[in-house]
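These are the residues of each chain, in order.
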Amino acid sequence: YSYSCTEGENRQLWSSGHHLKSCRDVAFSQDGQKLLTVSKDKSVHVLTVEEGRLETRFPKAHGSALNCVLPIDNHIFATGDDGGALKVWDLRKGDAILEARQQEEYISAMAVDGNGKILLTASGDGTLGVFNVKRRRFELLSEPQNGDLTSVVLLKRGKKVACGSSEGTIYLFNWDGFGAASDRFALRAESVDCMVPITDSIVCVGSLDGVIRAVNVLPNRVLGCVGQHLGEPIEQLAVAPGGQLLASCAHDQKVKFWDVSALRGLVVDDYRKKKKKGGPLRALSSKAAGSGEDFFADLRDEAEPEAA
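Keep in mind that this is a model prediction, so the values were computed, not measured.

### A short note on the overall build of the protein
Here comes step 1: When its secondary structure is counted, the protein shows zero helices and 23 strands.
Here comes step 2: Taken over the C-alpha trace, the protein has a radius of gyration of 20 Å; the compact-globule value for 308 residues is 19 Å, and the two agree within 12%.
Here comes step 3: Split into buried and exposed, the 308 residues of the protein put 48% on the buried side.
Here comes step 4: Taking the contacts inside the protein whose residues are at least 6 apart along the sequence as the reference set, 39% of them involve residues at least 24 apart.
Here comes step 5: For the protein, the accessible area works out to roughly 15900 Å², and carbon and sulfur atoms hold 47% of it.
Here comes step 6: Averaging the coordinates of the 38 positive side-chain charges in the protein and doing the same for the 41 negative ones gives two points 4 Å apart.

### Overview of empty space enclosed by the protein
Here comes step 1: Enumeration according to the criterion identifies one cavity of 30 Å³ or more in this entry.
Here comes step 2: Taken together, S29, K34, L36, P71, D73, N74, H75, I76, F77 and L91 form the lining of the largest cavity.
Here comes step 3: Taken together, the residues of the lining of the largest cavity sort by class into five nonpolar, three polar and two charged.

### Some details on the packing of aromatic side chains
Here comes step 1: This structure, assessed with the given rule, holds six aromatic pairs.
Here comes step 2: Ring centres 6.3 Å apart and planes at 10° place the aromatic pair F77 and W89 in the stacked group. Here F77 is found in strand β6 (residues 76–81), whereas its partner W89 is found in strand β7 (residues 85–90), with twelve residues between them in sequence. By the burial criterion, F77 is buried, and W89 matches it.

### Some details on the sheet that holds strand β2 (residues 34–39)
Here comes step 1: Taking strand neighbours across the sheet as the criterion, the four strands line up as β1-β2-β3-β4 in an open arrangement whose pairing is antiparallel. Strands at the two margins of the open sheet, each flanked by one partner only, are β1 (23–28) and β4 (54–58). Each strand axis lies, on average, 20° off the axis of its neighbour in the sheet, ignoring direction.

### Describing unusual backbone geometry
Here comes step 1: Across the junction of L218 and P219, the peptide omega takes the value 0°, indicating a cis bond.
Here comes step 2: Backbone geometry places K42, a non-glycine residue, at a positive phi of 75°.
Here comes step 3: Inspection of the secondary structure assignment puts K42 in the loop between β2 and β3 (44–48).
Here comes step 4: K42 gets classed as partly exposed once you look at its relative accessible area, which sits at 33%.
Here comes step 5: Positive phi values are uncommon outside glycine, yet Q253 reaches one of about 65°.
Here comes step 6: Within the secondary structure, Q253 sits in the loop between β22 (245–250) and β23 (255–259).

### A short note on a nonpolar patch on the surface
Here comes step 1: A surface patch of nonpolar side chains, about 290 Å² in accessible area, is lined by Y3, V255 and F257.
Here comes step 2: Residue placement: Y3 occurs in the segment before β1.
Here comes step 3: Its relative accessible area of 42% is what places Y3 among the partly exposed residues.

### Concerning the UniProt feature "repeat: WD" (unreviewed entry) in the protein
Here comes step 1: UniProt marks residues 234–268 with the feature "repeat: WD" (unreviewed entry), using the numbering shown here.
Here comes step 2: In the segment residues 234–268, helix accounts for 0% and strand for 49%; the C-alpha atoms at its two ends are 26 Å apart.

### Brief notes about the environment of Q30
Here comes step 1: Locating Q30 in the fold gives a position in the loop between β1 and β2.
Here comes step 2: Since its relative accessible area comes to 53%, Q30 is described here as exposed.
Here comes step 3: Measuring from C-alpha to C-alpha, the distance between Q30 and L70 comes to 10.0 Å, with 40 residues separating the pair along the chain.
Here comes step 4: Polar side-chain contacts of Q30 include one of 3.5 Å to the backbone oxygen of I72.

### Description of the pattern of salt bridges
Opposite charge on two side chains permits them to pair, given that their charged atoms come into close proximity.
Here comes step 1: Tallied over the entire structure, the rule returns nine salt bridges.
Here comes step 2: The salt bridge involving E139 is made with R137; its shortest N-O contact spans 2.9 Å.
Here comes step 3: Two residues, D200 and R157, come together in a salt bridge whose shortest N-O distance is 3.9 Å. Linking D200 in the loop between β17 (194–197) and β18 (202–206) with R157 in the loop between β13 (149–155) and β14 (160–165), this pair joins segments that are 43 residues apart in sequence.
Here comes step 4: Of the residues examined, D200 reaches a relative accessible area of 34% and is grouped as partly exposed.
Here comes step 5: Residues joined by salt bridges that share partners form a network here, namely K34, E51, R53 and E55.

### Re the sheet that holds β23
The strands making up a sheet associate through hydrogen bonds between their backbones, and the pairing can be parallel or antiparallel.
Here comes step 1: Taken together, three strands build an open sheet; the order of strands is β21-β22-β23 and the sheet is antiparallel. Each of the sheet's edge strands pairs with one partner strand only, and the pair in question is β21 (234–239) and β23. On average, each strand axis in the sheet is inclined to that of its neighbour by 25°, with strand direction left out of account.
Here comes step 2: As defined by bridge partners, β21 adjoins β22 across five bridges and the pair is classed as antiparallel. Counted as the bridge partner of V239 is L246 from β22.

What counts, and at which threshold
- In every chain, residue numbers begin from 1 and rise along the written sequence.
- Whole-chain, interface and lining totals are the exception, using all residues; otherwise, since this is a predicted model, local features are given only for residues with pLDDT of at least 70 and side-chain atom pairs are given and counted only at 80 or more.
- Note that the side-chain values use all heavy atoms of the structure and ignore hydrogens as well as water.
- In this description a helix means any DSSP run of H or I spanning at least four residues, a strand means any run of E spanning at least two, and both kinds are numbered starting from the N terminus.
- Radius of gyration means the value over C-alpha atoms here, while the globule rule gives 2.2 Å times the residue count to the 0.38 power.
- Think of it in three bands: with a 1.4 Å probe and only protein chains considered, a residue is buried below 20% of the maximum accessible area for its type, exposed above 50%, and partly exposed in between.
- Should any heavy atoms of two residues lie within 4.5 Å, those residues are considered in contact.
- For every accessible area listed, the method is Shrake-Rupley and the probe measures 1.4 Å; residues are considered covered only by the protein chains on display.
- For the purpose of counting charges, residues Lys and Arg are taken to be positive, whereas Asp and Glu are taken to be negative. His and the chain ends are not included.
- Charged side chains are reduced to one point each, which is NZ for Lys, CZ for Arg, CG for Asp and CD for Glu.
- Cavities and pockets are defined on a 1 Å grid built over the protein atoms alone: a cavity is a set of grid points where a 1.4 Å probe fits but cannot escape, while a pocket is an open set with protein on both sides within 12 Å along at least five of seven lines, and lining residues are those with an atom within 4 Å of any such point.
- Grid points are joined across faces, edges and corners, and a volume is the space filled by probe spheres set on the points.
- Under the convention adopted here, Pro, Cys and the residues Ala, Val, Leu, Ile, Met, Phe, Trp and Tyr are nonpolar, Asp, Glu, Lys and Arg are charged, and Gly plus all remaining residues are polar.
- Aromatic rings from Phe, Tyr and Trp, with only the six-membered ring used for Trp, were paired whenever their centres fell within 6.5 Å, and each pair was classed as stacked if the ring planes differed by under 30 degrees, edge-to-face if by over 60, and tilted otherwise.
- Strands qualify as paired when DSSP identifies two bridges or more between them.
- Fitted lines through C-alpha atoms serve as axes, helices being fitted only where they are in contact, and the angles separating the N-to-C directions of these axes extend from 0 to 180 degrees.
- A patch consists of residues exposed above 30% relative accessible area that lack any salt bridge, with like charges linked at up to 9 Å and nonpolar side chains (Val, Leu, Ile, Met, Phe, Trp, Tyr) linked at up to 5 Å.
- The salt bridge criterion pairs a side-chain nitrogen of Lys or Arg with a carboxyl oxygen of Asp or Glu, the two atoms within 4 Å.
- UniProt positions are given in the numbering used here, feature names are shortened, and annotations may be inferred rather than shown by experiment.
- Whenever two N or O atoms come within 3.5 Å, that pair is a polar contact, provided that in protein one can donate a hydrogen and the other can accept it, and provided that, for residues adjacent in sequence, both atoms are side-chain atoms.

Rendered as structure tokens:
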């Protein structure tokens with residue numbers, strides 16, 4: 001799709017029906033020229049972004065249904081499946097250069113450091129896996145946390161790693177201490193299904209209750225609500241280059257865009273003001289009001305009108 005903030009200018013550019021079963025994850029290559037897609041049919045497809053032409057296909061890439069894909073550089077990408085297996089592929093060789101199955105359950109999300117060296121995998125068995133891509137080997141597994149780990153992001157200039165869980169808790173790890181979580185932060189959310197970093201300290205979190213929360217990490221605070229899909233579980237979040245817009249998609253079949261530019265200038269103080277426990281979530285924009293139980297009702301008047 002090509003999207004625009006002007007009414008009526010969003011349009012579909014092409015669609016591809018090459019996969020035989022549901023398409024589980026898509027990712028742009030680092031140069032933005034290719035689109036990597038993985039499916040329940042166990043195949044990986046590489047398409048051109050401009051025309052949607054199928055360029056490369058790995059038909060039986062894994063033994064189980066594929067769940068996620070992560071480009072590491074322009075030639076190397078990683079895939080994770082429902083059985084806990086990870087593979088790292090090199091497009092120049094047309095084959096996998098690293099294969100490992102260290103986790104018991106599905107691989108839900110992956111992240112890589114800035115050098116493309118250390119790959120992290122979050123799994124449904126509650127563990128965080130650490131792999132060395134450059135040396136093509138498994139490094140270590142964290143102790144299992146409560147609930148499935150659903151997402152993994154790097155924060156604080158790569159010194160911290162945050163993992164979301166199906167229990168609604170964010171677990172924090174130090175970069176040099178992946179064995180055990182260094183901190184945990186329980187949100188008043190049913191789950192943390194997906195998470196994207198906005199700044200070095202702030203992440204946006206999508207949950208089963210359909211609310212997108214902005215969360216500051218260390219000091220740990222829920223800053224408020226960025227937006228929501230009314231009562232529909234949020235499947236995926238993405239940040240546009242430049243960090244001005246956040247895109248979200250949920251079970252309501254819609255992709256929504258939210259202005260998160262104000263979060264970039266936010267500084268969170270260590271000092272915590274006393275506030276009522278269980279109070280309403282602060283709306284961070286006028287569009288973020290109007291949840292199912294209307295828990296933003298008392299914030300309506302304070303919400304600043306959105307900039308034209």
